[in-house]
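Spelled out from the first residue to the last, the chains are:
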Amino acid sequence: MSVLEIRRVGDPVLRERAHALSPDELADPEVQRLIDDMIETMRAAGGAGLAANQVGSLRRIAVVEVSHNPRYPYKPPIPLTVIVNPRIEPLDDEELLINEGCLSVPDLRGDVPRRLTVRVHHLDREGRRQTLTARGLTAGTFQHEVDHLDGVLFLDRVRDPRSFSTWAEFERHGRQAFLRRVAPYTAGAAE
Ligand code: ZN
């Protein structure tokens with residue numbers, strides 16, 4: 001396994017739509033190696049998730065994992081999940097304003113409205129159909145990754161540009177209010 005280079009905002013590959021994989025394509029050892037490398041790259045960078053576009057591949061694959069993440073200590077844990085050909089189904093009309101960052105957008109965070117509760121339809125890495133239901137910050141993480149596969153960055157969804165901040169300024173000025181706002185959805189996480 002190897003840690004791959006993470007593409008940064010301005011790289012056109014982040015603005016392209018990733019292509020769905022057939023079962024045969026998914027079973028290809030090269031694609032299985034890409035998935036392993038994406039997991040290793042996400043862990044090495046301390047990300048909560050990583051989409052294939054972010055390592056320069058236009059395959060519709062993302063990986064998500066949260067366990068005691070130092071970048072996002074307030075996020076509830078998410079077991080390692082590989083989502084292939086994912087589709088997001090919102091389960092209600094409620095929104096949650098989530099302060100997000102992105103490995104492809106260094107040192108910037110901003111408030112993004114996300115659907116509060118979603119169902120994610122996807123294949124696992126063996127090609128089996130799966131669905132998972134996510135709520136709150138976890139739902140936001142899955143929406144962020146599926147956005148990448150559609151060429152969308154969190155920057156595009158920030159409704160109030162005044163919410164942009166560096167990571168250090170977020171710690172200093174934004175974190176407390178944000179944690180109060182999302183308190184019902186951070187159970188199980190360290191603050
Ligand atoms: Zn991202």
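Right, let's walk through the structure included here.

What counts and how
Residues numbered from 1 in each chain as written. Predicted model: local features only at pLDDT ≥ 70, side-chain atom pairs only at ≥ 80, totals over all residues. Heavy atoms only, no water. Donors = N, O, S within 2.8 Å, 3.2 Å for Na, K, Ca; no water. Helix = DSSP H or I, 4+ residues; strand = E, 2+ residues; numbered from the N terminus. Buried < 20%, exposed > 50% of the residue type's maximum accessible area, 1.4 Å probe, protein only. Salt bridge = Lys/Arg side-chain N within 4 Å of Asp/Glu carboxyl O. Core = buried A, V, L, I, M, F, W, Y, C linked by side-chain atoms within 4.5 Å. Contact = heavy atoms within 4.5 Å. Phe/Tyr/Trp six-rings, centres within 6.5 Å; stacked < 30°, edge-to-face > 60°. Lys NZ or Arg CZ within 6 Å of the ring centre and 35° of its normal.

Section: the coordination of the zinc ion
Note on the zinc ion: its protein donors are C102 (SG), H144 (NE2) and H148 (NE2). The metal-donor distances range over 2.1 to 2.3 Å. Written as a sequence motif, the donor arrangement for the zinc ion is C-x41-H-x3-H. A residue pair is termed a helical-turn pair when its members lie 3 or 4 positions apart in one helix, as H144 and H148 do in helix 3 (residues 136-149) at four residues. A residue is classified by how much of its surface remains accessible, and H144, at 9% relative accessible area, is buried.

Quick word on the pattern of salt bridges
The full count for this structure, using the stated rule, is 19 salt bridges. As a salt-bridge pair, E89 and R119 come within 3.5 Å of each other at their nearest N and O atoms. Highlighted residues: E89 in strand 3 (residues 78-90) and R119 in strand 6 (residues 117-123), separated in sequence by 30 residues. Put simply, E100 and R114 hold a salt bridge, and the shortest N to O gap is 2.7 Å. Placement of the pair is E100 in strand 4 (residues 95-102) and R114 in strand 5 (residues 105-115), with a sequence separation of 14 residues. Since its relative accessible area comes to 5%, E100 is described here as buried. A relative accessible area of 3% means that R114 is categorised as buried. The network of salt bridges with common partners includes E100, R114, D147 and R157.

Some thoughts on the nonpolar core
In this structure, Y74, L96, A134, L137, F142, F178 and V182 are the most contacted members of the largest nonpolar core, which totals 28 residues. Those elements that place two or more of their residues in this core are strand 2 (61-66), strand 3, strand 4, strand 6, strand 7 (129-135), helix 3 and helix 5 (167-181). The element that contributes the greatest number of residues to this core is helix 3, accounting for five residues. Each residue touching F178, except ones within four places of it in the same chain, is listed here: Y74, L97, I98, N99, L137 and F170.

Re the environment of A134
Looking at the element boundaries, A134 is found in strand 7. With 43 residues separating them in the primary sequence, A134 and L91 have C-alpha atoms 9.6 Å apart. Not counting residues within four places of it along the chain, the set of residues in contact with A134 comprises L116, T117, V118, A139 and F142.

As for the packing of aromatic side chains
The description of an aromatic ring pair uses the distance of the two centres, along with the angle that the planes make with each other. Per the counting criterion, the structure on display carries two aromatic pairs. For the ring pair Y74 and F178, a centre distance of 5.3 Å and an interplane angle of 80° mean the geometry is edge-to-face. A residue pair is termed long-range when its members are at least 10 positions apart, and Y74 in the loop between strand 2 and strand 3 and F178 in helix 5 qualify at 104 residues. Side by side, Y74 and F178 carry an identical accessibility label, which is buried. In this structure an aromatic cluster arises from ring pairing among Y74, F170 and F178. Looking at R109, its charged tip hangs above the ring of W167, at a distance of 4.3 Å from the centre. Directly above the aromatic system of F170 lies the positively charged group of R109, at a separation of 3.8 Å from the ring centroid.

Everything listed is a geometric property; what it means functionally is a separate question.
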